[in-house]
Amino acid sequence: MTRITIAQALSQAASVLATSSESAHVDAEALLLHCLGKPRSFIYAWPERQLSDEQHKQLQQMVARRAEGVPVAHIVGEREFWSLPFIVNDSTLIPRPDTEILVETALNLPLAENAAVLDLGTGTGAIALALAHERRQWQMTAVDNVSGAVELAKANRHNLQLPQVEILQSDWFAELSGRKFQLIVSNPPYIEESDEHLALGDVRFEPRSALTSGQQGFAALFHIAEHAREYLCTGGYLLLEHGFTQGKRLREKLNELGYMQVATVRDFGSNERCTLGFWPG
Ligand code: GLN
């Protein structure tokens with residue numbers, strides 16, 4: 001195998017990916033960094049350094065998988081969320097930057113120092129573990145109905161050294177009877193089953209159970225909103241992520257269900273992304 005430099009490897013990988021990925025350069029960079037096991041600055045500090053044969057071969061294999069559409073996060077087995085590293089696999093959703101607005105909104109709520117907080121459908125554990133990382137005194141519970149996701153969230157809890165987070169397998173509230181929380185958050189599946197975007201990009205490799213829901217994508221959101229009333233303390237909050245066209249109908253639903261101060265927050269792409277409701281009890 002001919003030895004190639006870091007700069008050559010980067011441009012070769014980016015050009016192979018140019019036809020299949022909209023983010024070819026960023027993808028190439030992420031895959032190369034993974035092969036090298038170095039931080040991003042390294043490839044720009046040492047563009048002339050050569051890859052070992054092993055690294056070159058690994059890069060070519062990873063680029064080939066990416067060219068087939070496999071998400072970068074699945075290839076490297078990791079994705080950053082809230083500046084924390086999360087292990088990722090195909091048992092659940094890859095954490096999205098859009099969801100950071102939910103974390104930020106939760107952190108801005110006027111909650112007790114040791115508030116009991118629940119994350120429903122935690123997946124990798126991204127939301128619950130990011131919140132627990134910022135609020136060490138919160139009593140955080142995270143549930144998911146998929147056993148692979150529960151295992152993954154536990155692995156992330158271990159890596160991020162947040163042993164205080166309780167992680168359970170539960171079909172939404174099923175295993176939580178009699179418990180009360182000051183805040184319930186969720187990024188449930190909310191994509192309509194017939195949405196054409198499901199045939200494009202990373203979502204093709206993510207489980208449908210983490211993405212789609214009946215009733216035009218509202219089934220899980222409505223189920224959670226309805227049942228959360230039984231599990232919220234008086235004066236507690238419900239905070240739900242949803243699709244950018246779902247805000248209005250979800251606000252109407254929360255109002256119908258008796259939530260107050262219902263408001264939607266936009267994400268960093270200025271799309272409506274999370275809706276908050278106050279539970280008067
Ligand atoms: N925001 C994700 C997407 O559009 C979907 C996340 C979800 O269904 N909870 O790809």
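The coordinates are above.
Here is what the cut-offs are and how they apply
Residues numbered from 1 in each chain as written. Predicted model: local features only at pLDDT ≥ 70, side-chain atom pairs only at ≥ 80, totals over all residues. Heavy atoms only, no water. Helix = DSSP H or I, 4+ residues; strand = E, 2+ residues; numbered from the N terminus. Rg over C-alpha atoms; globule rule 2.2 N^0.38 Å. Buried < 20%, exposed > 50% of the residue type's maximum accessible area, 1.4 Å probe, protein only. Contact = heavy atoms within 4.5 Å. Areas by Shrake-Rupley, 256 points an atom, 1.4 Å probe, with all protein chains shown as cover. Lys, Arg positive; Asp, Glu negative; His and termini not counted. Charge placed at Lys NZ, Arg CZ, Asp CG, Glu CD. Near = heavy atom within 4 Å. Polar contact = N/O pair within 3.5 Å; in protein donor to acceptor, adjacent residues only side chain to side chain. Phe/Tyr/Trp six-rings, centres within 6.5 Å; stacked < 30°, edge-to-face > 60°. Axes fitted to C-alpha atoms, helices over the stretch in contact; angles between N-to-C directions. Parallel < 35°, antiparallel > 145°, perpendicular 65-115°, else oblique. Left-handed = near helix turned anticlockwise from the far one by under 90°. Nonpolar A, V, L, I, M, F, W, Y, C, P; charged D, E, K, R; others polar. Pairing = 2+ DSSP bridges. Salt bridge = Lys/Arg side-chain N within 4 Å of Asp/Glu carboxyl O. Core = buried A, V, L, I, M, F, W, Y, C linked by side-chain atoms within 4.5 Å.

1. Details of the overall build of the protein
- For the protein, the count of helices and strands is 10 helices and 11 strands.
- Rg of the C-alpha trace for the protein: 21 Å, near the compact-globule value of 19 Å for 281 residues, within the 12% margin.
- Out of the 281 residues in the protein, the part that is buried amounts to 51%.
- Sequence separation of 24 or more characterises 65% of the internal contacts of the protein that already satisfy a separation of 6 or more.
- Accessible area for the protein stands at about 13,300 Å²; split by element, carbon and sulfur atoms hold 47% of it.
- The positive charge centre, built from 24 side chains, and the negative charge centre, built from 34, are 2 Å apart in the protein.

2. A closer look at the site of the ligand
- Around the ligand, the structure places Leu-93, Arg-96, Asn-187, Pro-188, Pro-189, Tyr-190, Ile-191, Val-203, Ala-210 and Leu-211.
- Arg-96 is positioned with one of its side-chain polar atoms (N or O) 2.8 Å from an oxygen atom of the ligand.
- Tyr-190 is positioned with one of its side-chain polar atoms (N or O) 2.8 Å from a nitrogen atom of the ligand.
- Starting from 300 Å² of accessible surface for the ligand in isolation, the protein chains cover 84%.

3. Considering the packing of aromatic side chains
- On inspection of all chains with the given rule, the structure shows six aromatic pairs.
- Summarising the aromatic geometry, the rings of Phe-173 and Tyr-231 are spaced 4.5 Å apart at their centres and angled 10° between planes, so their arrangement reads as stacked. Here Phe-173 is found in the loop between strand S5 (166-169) and strand S6 (181-186), whereas its partner Tyr-231 is found in helix H9 (residues 219-231), with 58 residues between them in sequence.
- What makes Tyr-231 buried here is its relative accessible area of 8%.

4. A look at the packing of H9 against helix H10 (residues 247-256)
- Taken N-terminus to C-terminus, the directions of H9 and H10 make an angle of 25°; their axes are 10 Å apart at the nearest point. Judged by the angle between their axes, H9 and H10 are roughly parallel. As for how H9 packs across H10, the hand of that crossing is right-handed. Two secondary-structure elements touch here, H9 through Leu-221, Phe-222 and Ala-225 and H10 through Arg-249, Leu-250, Lys-253 and Leu-254.
- Classifying every residue of the contact of H9 with H10 gives five nonpolar, no polar and two charged.

5. Overview of the pairing of strand S1 (residues 78-81)
- Pairing of S1 with strand S2 (residues 84-87), which is carried by four bridges, proceeds in the antiparallel orientation. By the bridge assignment for S2, Phe-81 is matched with Leu-84.
- Turn length for the S1-S2 hairpin, with the two strands adjacent in sequence and antiparallel, is two residues, and the turn residue Trp-82 shows positive phi of about 55°.

6. A short note on the pattern of salt bridges
- Enumeration over the complete set of coordinates arrives at 11 salt bridges.
- With its nearest N and O atoms 3.3 Å apart, the salt bridge here joins Arg-3 to Asp-53. In this pair, Arg-3 is assigned in the segment before helix H1 (6-17) and Asp-53 in helix H4 (residues 53-67), connecting sequence segments 50 residues apart.
- Note on Arg-3: relative accessible area 46%, which makes it partly exposed.
- With a shortest N-O distance of 3.3 Å, Arg-251 and Glu-272 are connected by a salt bridge. Taken together, the positions of Arg-251 in helix H10 and Glu-272 in strand S11 (residues 272-279) put the pair 21 residues apart, joining distant regions of the chain.
- On the basis of relative accessibility, which here comes to 19%, the residue Glu-272 falls in the buried class.
- Overlapping salt bridges, with partners in common, bring together Asp-27, Arg-66 and Asp-202 in one network.

7. Section: the nonpolar core
- By size, the foremost hydrophobic cluster in this structure holds 36 residues, and its most contacted members are Val-103, Leu-131, Trp-138, Leu-183 and Leu-239.
- Every element with two or more residues in this core is listed here: S2, helix H6 (100-107), helix H7 (126-134), strand S4 (139-144), helix H8 (147-159), S6, strand S9 (232-241) and S11.
- No other element matches the seven residues that H7 contributes to this core.
- If sequence neighbours within four positions are ignored, Trp-138 has contacts with Ala-106, Leu-107, Leu-111, Ala-112, Glu-113, Asn-114, Ala-115, Val-117, Leu-131 and Leu-183.
- Judged by nonpolar contacts, the second largest core, of 27 residues, contains Trp-172, Leu-176, Leu-240 and Val-262.

8. Some words on the packing of H1 against H4
- Look at H1 against H4: their axes get within 10 Å of each other, and the N-to-C directions meet at 20°. Comparing the axis directions of H1 and H4 gives the class roughly parallel. Of the two elements, H1 crosses H4, and the hand of that crossing is right-handed. In this structure, H1 contributes Ala-9, Gln-12, Ala-13, Val-16 and Leu-17 to the contact, and H4 contributes His-56, Leu-59, Val-63, Arg-66 and Ala-67.

9. Some details on the environment of Leu-111
- With respect to the element layout, Leu-111 can be found in the loop between H6 and strand S3 (116-120).
- In this structure the C-alpha to C-alpha distance between Leu-111 and Gly-236, which are 125 residues apart in sequence, comes to 8.5 Å.

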